[in-house]
Amino acid sequence: MMSVQQLDQAVAALLIIFGLWLVYTGMNYGVMQGTTPGAGLFPIIIGSSIVLFSAINLYRALDGLEKLGSGISGREAAKAGVVIVALLIALWLIPYLGMMIATMLAMAAIGLALRTEPGPIFFVKLAAVSVITPIILLLLFQNLLGVPTPRGPFGF
Amino acid sequence: MEPLALLWDGILAATDPAIFACTILGAVIGLLIGALPGLGPTAGVAIMLPVAAGFGGVAAIACLGGVYYGSMFGGAITSILLGIPGDAPSVMTVIDGYPMAQKGEAGRALGTSVFASFVGGFLGIAGLVALSVPVSRYALAFGPTEMTAMMCFALSLLSVLGGRNAFKGFTALALGLWLGMVGLDPISGLPRYTGGSMNLFDGLDFSIIAVGLFGLTAIFTSLEVNVDKPVAKYTFASLLPRVSDAVQTRWQLLQGSVVGFFVGVLPGVGASAATMISYALAKRLSPTPEKYGTGIVEGVAAPEAANNSASYGSMIPLFTLGIPGSATTAVMMGGLIMVGLQPGPLLFTENPEFVWSVFGSFAIGNLALVFLTLLLTPLLAAALFVPTAYLYPIVIAVIVYGVFAIDASTFNVTLTILAGGAGIILARLDYPAVPLILGLVLGPLLERNIRRTLIQSQGDLLVFVERPIALGLFIATVFVLLIPLFLKLTGRKKIAADEAEV
């Protein structure tokens, strides 16, 4: 598995390529039209800056000058990954189930991923939270703030 | 006296039931966000942004402001009762607040923190009111050249001070400036970096990215934060601030408020640094510095006054220049744009009722928080023990509904989730998120000003240094850029800045 230091080096290298791509696209947009700056001027400046700073970051990462002690743990990153996937699946389900039911499912999945309490009472509490919250939010956003939330096969 | 009369009118306007209710709602949510370890003022304001925008006008900004300064009050509760900072600006409160709690003086420490927060807030509002009008009048004379120079100065300060590694700060800033370019080019009308998606033709909505980058990332990076320490005991009567403590800490209150305010005004420095400077100064000026850290009220008063005062100081660049100096004020700027207003000097001439009503709501909120904090402390202390497995699904559901409400679009929700995911990588690799979000906010403005200036000067770059204000600001920018070199040569370390406040 990739270490944080290796990830840092990979990101810096990818950003150098990204910066070069920005410079290339900037040239295609047009740098100057006579004395008028074109749409590509800013991308070229920004792309060059990204290349320069990322090259320094890559050098620092390769030379071990970068100390990456802080940030989140691998375990926390994995949990965050589960939460992100649950949310993306819920978003995909919205057209089929409606916003309220999709949110209920996402909340239950996220709660399960973050579970720390043993025992069956956890499931009862989580079910209550996952059912009640989307109902309150639907009432608040749809009825009070007038937001047209997507409805599912049950009409809500 | 004119600003005082305007503020009084603003206070009267902010007593409107809808505005008052939103102010109190924001303050209560801010208290809760501040008290919860892992979530700070920026995350709180970002989470509430889409919801508050639905309230519209003054009520929306009053609510967001309430979250901001409410979290400053709330952070101290966790710091004192558990010895865990509720948010970054309350880190210094732990040093004396928790030892006081261990000595059986938790109520006294909480009472002092509430009073100090009120005094800091009061003096911060006074400074905000006093400086806003002259600064905005002065800023009216700024043309595109001066605004370009001012933005370069603010952005360089943020990038250099915003994280541990200035090069990563600049990389994050450049990425933010690129994100700001996504959409139709404002001058030529050419689509840039849209990937052919019509959803991106209007550009990336900054508030959607901010909610992901600050709200969701703060949640993702604190998924395992569960409080399992016993809370210090106190009685309700002991929470009430004491006159003797107020007299005893008068100099720390004043010094903390003044230092906090001026540090808060500087872009990129923020409330966390203000509390550290204020605490260090209080200790240095004390005849008994050895008592600091053992549990004394002076050690609670100085940082608590500073962080509240700093929160109002940081609003001066936002309201008067339209340039947010911190992540939280950047998110608030998103709120202003969402209610149809462009912050900057013209706000004071074209929408004075709005500005003064918002400032009036700050004054009301600051006073209300004294009572709210005292009344809700037992409830907030109990809320700390709610497991993240119940709490975070609720907060995430609020974010999903709130972001969806902006444009009734699931595309925006997807972008927010992706921004939250990107925020984890940024946090893991030490790329500061604050320069990125400010690059996104200020990028389009900066590009427009640079190109307008070059069009006016027919491509002559010397125009940027011909005007004295712009020249002065560019020289200041160069000095800021040399700060990392200076720190390296002198072997000094900078104080942790706003990035930690998220």
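What counts and what doesn't
Residues numbered from 1 in each chain as written. Chains lettered and ligands numbered in written order. Predicted model: local features only at pLDDT ≥ 70, side-chain atom pairs only at ≥ 80, totals over all residues. Helix = DSSP H or I, 4+ residues; strand = E, 2+ residues; numbered from the N terminus. Rg over C-alpha atoms; globule rule 2.2 N^0.38 Å. Buried ≥ 20, exposed ≤ 12 C-beta atoms within 10 Å, placed from the backbone. Contact = placed C-beta atoms within 7 Å. Nonpolar A, V, L, I, M, F, W, Y, C, P; charged D, E, K, R; others polar. Domains from an automatic or database assignment. Axes fitted to C-alpha atoms, helices over the stretch in contact; angles between N-to-C directions. Parallel < 35°, antiparallel > 145°, perpendicular 65-115°, else oblique. Left-handed = near helix turned anticlockwise from the far one by under 90°. Core = buried A, V, L, I, M, F, W, Y, C linked by C-beta atoms within 7 Å. Expected span 1.5 Å × (residues − 1). Arc of directions from axis to C-beta.

1. A few points about the overall build of chain B
Point 1. Secondary structure summary: chain B contains 24 helices and two strands in total.
Point 2. In terms of overall dimensions, chain B is globule-like: its C-alpha atoms have a radius of gyration of 22 Å, near the 23 Å expected for 502 residues.
Point 3. With respect to the three principal axes, the spread of C-alpha positions in chain B is 70 × 50 × 45 Å.
Point 4. Relative to its full complement of 502 residues, chain B shows a buried share of 65%.
Point 5. Within chain B, counting contacts between residues at least 6 apart in sequence, those at least 24 apart form 80% of the total.

2. Considerations on the overall build of chain A
Point 1. Tallying secondary structure elements over chain A gives five helices and two strands in all.
Point 2. Counting helices and strands in the order they occur from the N terminus, chain A gives α-β-β-α-α-α-α.
Point 3. Its C-alpha atoms give chain A a radius of gyration of 24 Å, clearly above 15 Å, the size a compact globule of 156 residues would have.
Point 4. Seen through its principal axes, chain A has C-alpha atoms that stretch 60 × 45 × 25 Å.
Point 5. Relative to its 156 residues, chain A shows a buried fraction of 33%.
Point 6. By sequence separation, contacts in chain A at least 24 residues apart represent 56% of the contacts at least 6 residues apart.

3. Some remarks on the interface of chain A and chain B
Point 1. Of the residues lining the interface, 56 residues belong to chain A; the matching set on chain B comes to 49 residues.
Point 2. Mapped onto the side of chain A that touches chain B, the elements with two or more residues apiece are helix 1 (4-29), strand 2 (36-37), helix 2 (41-62), helix 3 (74-97), helix 4 (99-113) and helix 5 (121-144) of chain A.
Point 3. Per-element accounting of the side of chain A that touches chain B gives the leading share, ten residues, to helix 3 of chain A.
Point 4. Looking at the side of chain A that touches chain B residue by residue, the classes come out as 36 nonpolar, 14 polar and six charged.

4. Digging into the domain arrangement of chain A
Point 1. Under the domain assignment, chain A is made up of domain 1 (4-62) and domain 2 (74-144).
Point 2. A C-alpha centroid distance of 39 Å is found between domain 1 of chain A and domain 2 of chain A.

5. Brief notes about unusual backbone geometry
Residue and element names in this part refer to chain B.
Point 1. Notably, Y193 is not glycine yet its phi reads approximately 55 degrees, a positive angle.
Point 2. Following the sequence through the fold, Y193 ends up in the loop between strand 2 (191-192) and helix 9 (206-220).
Point 3. We note that A408 has phi near 50 degrees; this positive angle belongs to a residue other than glycine.
Point 4. With respect to the helices and strands, the residue A408 is situated in the loop between helix 19 (388-407) and helix 20 (410-428).

6. Digging into the packing of helix 2 (residues 17-35) of chain B against helix 3 (residues 41-53) of chain B
All names here are of chain B.
Point 1. It is the contact of helix 2 with helix 3, at a shortest axis distance of 9 Å, that shows an interaxial angle of 135 degrees. Between helix 2 and helix 3, the interaxial angle falls into the category oblique. Helix 2 and helix 3 meet at a crossing whose hand is right-handed. Counted together, G26, I29, G30, I33 and G34 of helix 2 and P41, A43, G44 and M48 of helix 3 form the full contact between these two elements.
Point 2. Across the contact of helix 2 with helix 3, the residue classes break down as five nonpolar, four polar and no charged.

7. Considerations on the nonpolar core
Residues and elements named next belong to chain B.
Point 1. Residues C63, L64, I209, A210 and I437 are the most contacted members of the largest nonpolar core, which totals 227 residues.
Point 2. Per element, the largest residue contribution to this core is 17 residues, and it comes from helix 4 (residues 57-82).
Point 3. Those residues in contact with A210 that sit more than four places away from it in its chain are A46, L49, A330, V331, G334 and I437.

8. Structural notes on helix 8 (residues 166-181) of chain B
Residues and elements named next belong to chain B.
Point 1. With 16 residues, helix 8 should cover 22 Å at 1.5 Å per step; its first-to-last C-alpha distance of 23 Å lies within 8% of that length.
Point 2. Among the 16 residues that make up helix 8, 16 are buried, leaving the element largely enclosed by the rest of the structure.
Point 3. Of the residues trailing helix 8, G183 is marked for its positive phi of about 120 degrees.

9. Things to note about the packing of helix 3 of chain B against helix 16 (residues 327-338) of chain B
Residue and element names in this part refer to chain B.
Point 1. Where helix 3 contacts helix 16, the axes come no closer than 9 Å and their chain directions differ by 5 degrees. Taken together, the axis directions place helix 3 and helix 16 in an arrangement best described as roughly parallel. Where helix 3 abuts helix 16, its residues P41, T42, V45, A46, L49, A52 and A53 lie against A327, T328, V331, M332, G334, G335 and M338.
Point 2. The residue inventory of the contact of helix 3 with helix 16, partitioned by class, reads ten nonpolar, four polar and no charged.

10. Examining the environment of A80 of chain A
Point 1. Relative to the elements of secondary structure, A80 of chain A occurs in helix 3.
Point 2. By the C-beta count within 10 Å, which is 22 here, A80 of chain A ends up buried.
Point 3. For the pair A80 of chain A and I110 of chain A, spaced 30 residues apart in the sequence, the C-alpha separation amounts to 9.3 Å.
Point 4. Non-local contacts of A80 of chain A, meaning those with residues more than four positions away in its chain, are made with F220, L223 and I424 of chain B.

11. Regarding helix 1 (residues 2-14) of chain B
Residues and elements named next belong to chain B.
Point 1. Under the 1.5 Å per step criterion, the end-to-end length of helix 1 is 18 Å for 13 residues, consistent within 8% with the ideal 18 Å.
Point 2. Where helix 1 is concerned, the buried positions are L6, L7, G10 and A14. Seen along its axis, helix 1 keeps its buried residues to an arc of 100 degrees; they face one direction. Across helix 1 from its buried face, at more than 90 degrees, point the exposed residues L4, A5 and L12.
Point 3. Buried-residue contacts for helix 1 involve helix 2, helix 4, helix 6 (106-139) and helix 18 (352-383).

12. Examining the environment of M100 of chain B
All names here are of chain B.
Point 1. Note on placement: M100 falls in helix 5 (residues 91-102).
Point 2. Residues M100 and L110, spaced ten residues apart in sequence, show a C-alpha to C-alpha distance of 9.6 Å.
Point 3. Look past the residues within four positions of M100 in its chain and what remains in contact with it is I80, E105, A106, R108, A109, G295 and V300.

13. Notes on the environment of I219 of chain B
Residue and element names in this part refer to chain B.
Point 1. Tracing the backbone shows I219 in helix 9.
Point 2. Accessibility expressed as a C-beta count within 10 Å gives 26 for I219, which makes it buried.
Point 3. As a C-alpha pair, I219 and I396 span 177 residues in sequence and 8.4 Å in three-dimensional space.
Point 4. Apart from residues no more than four positions distant in its own chain, I219 is found in contact with Y392, V395 and I396.

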